[in-house]
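Below, each chain spelled out in residue letters.
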Amino acid sequence: MNFLKPGSVVGILGGGQLAKMMSIAASTLGYKVHIYAPEADNIASEVSARFTQGSYDDLDALMKFSADCNVITYEFENIQVETLKKIEKKYVLRPNARALEIAQSRVAEKKFAEKCGAVTAHYVPISKREEIEASIAKLGADAILKSDRLGYDGKGQARIDESTNLSGAWMAVGQRDAILEEYVDFEAEFSVILTRTFEGNVIFWDSSKNVHQHGILKQSSLPAGPLIDSQRSEARKLANRIADELDYIGVLTIEFFATGNGPVFNEMAPRVHNSGHWTIEATVTSQFENHIRAITGMPLGSTRTLSDRIEMENLIGDYTDQLDNIISDNRNHLHLYGKDKIVEGRKMGHVTRLYFD
Ligand code: ADP
Ligand code: MG
């Protein structure tokens, strides 16, 4: 079989918790991981064989790093696409730069998803403050303004209704290219997480129900309920089409709103995803392992779910009060990411609980 031999080097751009969990999976499969990140004290390099500290703008350092790797992947989504395209010309980058290029812009990813057949919330691209009023007249006053780029965990977003001061909202998104989206009156949220191999084989995990608080994922749970279960197959078809269209290799995540009229595409992430952390303990093969398998050319592991009831809860901000309770419950799997500073709204860890009765 034609996969990277044990001892080969997997390069990861980014040093956060996703990189850390990918690194652990890669190391379990016998690979050496080389982390590239700007911070000296990042959490992924603590569990990785090699580390280069460098800025994402330093092309020379990035090329030198790439030359050391047999395959390169990323957790950090805001690397200049031009840089990744240069890396991709000489080295093996999975998923490819085009997937990242589309996912970096909310407008671009919605247009692309629509081309692939998705239903999205109605939206208008915004490039000037004055365009907001006219767009509200089109979409209605119940809306969300989001920065087109660089937003995550609900950051760079402003909820808009009749009483909103639009200048304040424009400030909140950083006075730069944005997207105005109709507010979707959804019943629930879910994500489709898939892995695609270079031969084009696609495998899915079950879809959990995802609950967000202040724009940050709080909980993912299974069973997801009849509404999500009934929309999963349509959502999977779309996700599969998107992955094929991008000639995607690795784990791809698509977030959906489950509405009374079917699944509505929210956004895509060209990477492993927080709403798939439960796959570590609750499925035969985790999202992290299958991502590494896909990018190194291995066949994929089974994504079968091992428990009837699963809850994954994020530890956001100061979690220290909850620790005693968490570790006292023997159904809990605790993951603390090892970040030095507890900051409000920051993901510090997660807990996965499997029910067996
Ligand atoms: P992020 O990149 O920060 O995850 P999202 O677009 O996924 O940005 O928004 C975060 C959360 O905010 C979503 O999971 C959802 O709960 C809520 N949200 C975002 N867009 C809309 C919308 N158009 N209508 C209703 N809720 C939304
Ligand atoms: Mg999101």
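Residues numbered from 1 in each chain as written. Chains lettered and ligands numbered in written order. Predicted model: local features only at pLDDT ≥ 70, side-chain atom pairs only at ≥ 80, totals over all residues. Heavy atoms only, no water.

Visitor: Please give an account of the site of ligand 1 that cites residues and values.
Guide: Not every one of the 20 residues close to ligand 1 is listed here, only the nearest: K146, G154, V184, E189 and E267. V184 has a polar backbone atom sitting 2.8 Å from a nitrogen atom of ligand 1. Relative to its free-state accessible area of 540 Å², ligand 1 is covered by the protein chains to the extent of 92%. Secondary structure elements with two or more residues in the shell around ligand 1: β6 (143-147), β8 (178-182), β13 (250-259) and β14 (262-269). Within the shell around ligand 1, the residues separate by chemical class into six nonpolar, six polar and eight charged. (Near = heavy atom within 4 Å. Polar contact = N/O pair within 3.5 Å; in protein donor to acceptor, adjacent residues only side chain to side chain. Areas by Shrake-Rupley, 256 points an atom, 1.4 Å probe, with all protein chains shown as cover. Helix = DSSP H or I, 4+ residues; strand = E, 2+ residues; numbered from the N terminus. Nonpolar A, V, L, I, M, F, W, Y, C, P; charged D, E, K, R; others polar.)

Visitor: Could you give an account of the nonpolar core, with specific residues and numbers?
Guide: Residues L13, I242, F265 and M268 are the most contacted members of the largest nonpolar core, which totals 79 residues. With sequence-adjacent residues up to four places away left out, M268 is seen in contact with A99, I102, A103, E109, I242, L246, L252, T253 and I254. One finds V124, I136, L139 and L180 within the second-largest nonpolar core, a separate group that totals 15 residues. (Core = buried A, V, L, I, M, F, W, Y, C linked by side-chain atoms within 4.5 Å. Buried < 20%, exposed > 50% of the residue type's maximum accessible area, 1.4 Å probe, protein only. Contact = heavy atoms within 4.5 Å.)

Visitor: Any details on the coordination of the magnesium ion (ligand 2)? Residues and values, ideally.
Guide: Protein coordination at the magnesium ion (ligand 2): the donors are E255 (OE), E255 (OE) and E267 (OE), at 2.0 to 2.7 Å from the metal. Note that E255 is positioned in strand β13 and E267 in strand β14, a separation of twelve residues in sequence. Given the relative accessible area of 21%, E267 is considered partly exposed. (Donors = N, O, S within 2.8 Å, 3.2 Å for Na, K, Ca; no water.)

Visitor: Account for a nonpolar patch on the surface, with residues named and values stated.
Guide: Side chains of I327, L334 and L336 sit close together on the surface and give an oily, nonpolar patch of about 250 Å² of accessible area. Looking at the element boundaries, L336 is found in strand β16 (residues 332-336). Residue class for L336 comes out partly exposed when judged on its relative accessible area of 33%. (Patch = residues over 30% accessible without salt bridge, like charges linked within 9 Å, V, L, I, M, F, W, Y side chains within 5 Å. Salt bridge = Lys/Arg side-chain N within 4 Å of Asp/Glu carboxyl O.)

Visitor: I'd like a description of the pattern of salt bridges, backed by residues and values.
Guide: For the coordinates displayed, the defined rule picks out 19 salt bridges. As a salt-bridge pair, K128 and E131 come within 3.8 Å of each other at their nearest N and O atoms. With a relative accessible area of 46%, K128 lands in the partly exposed category. Classification of E131 by relative accessible area gives partly exposed; the value is 26%. In this structure, E311 and R353 form a salt bridge, with 3.0 Å as the shortest nitrogen-oxygen distance.

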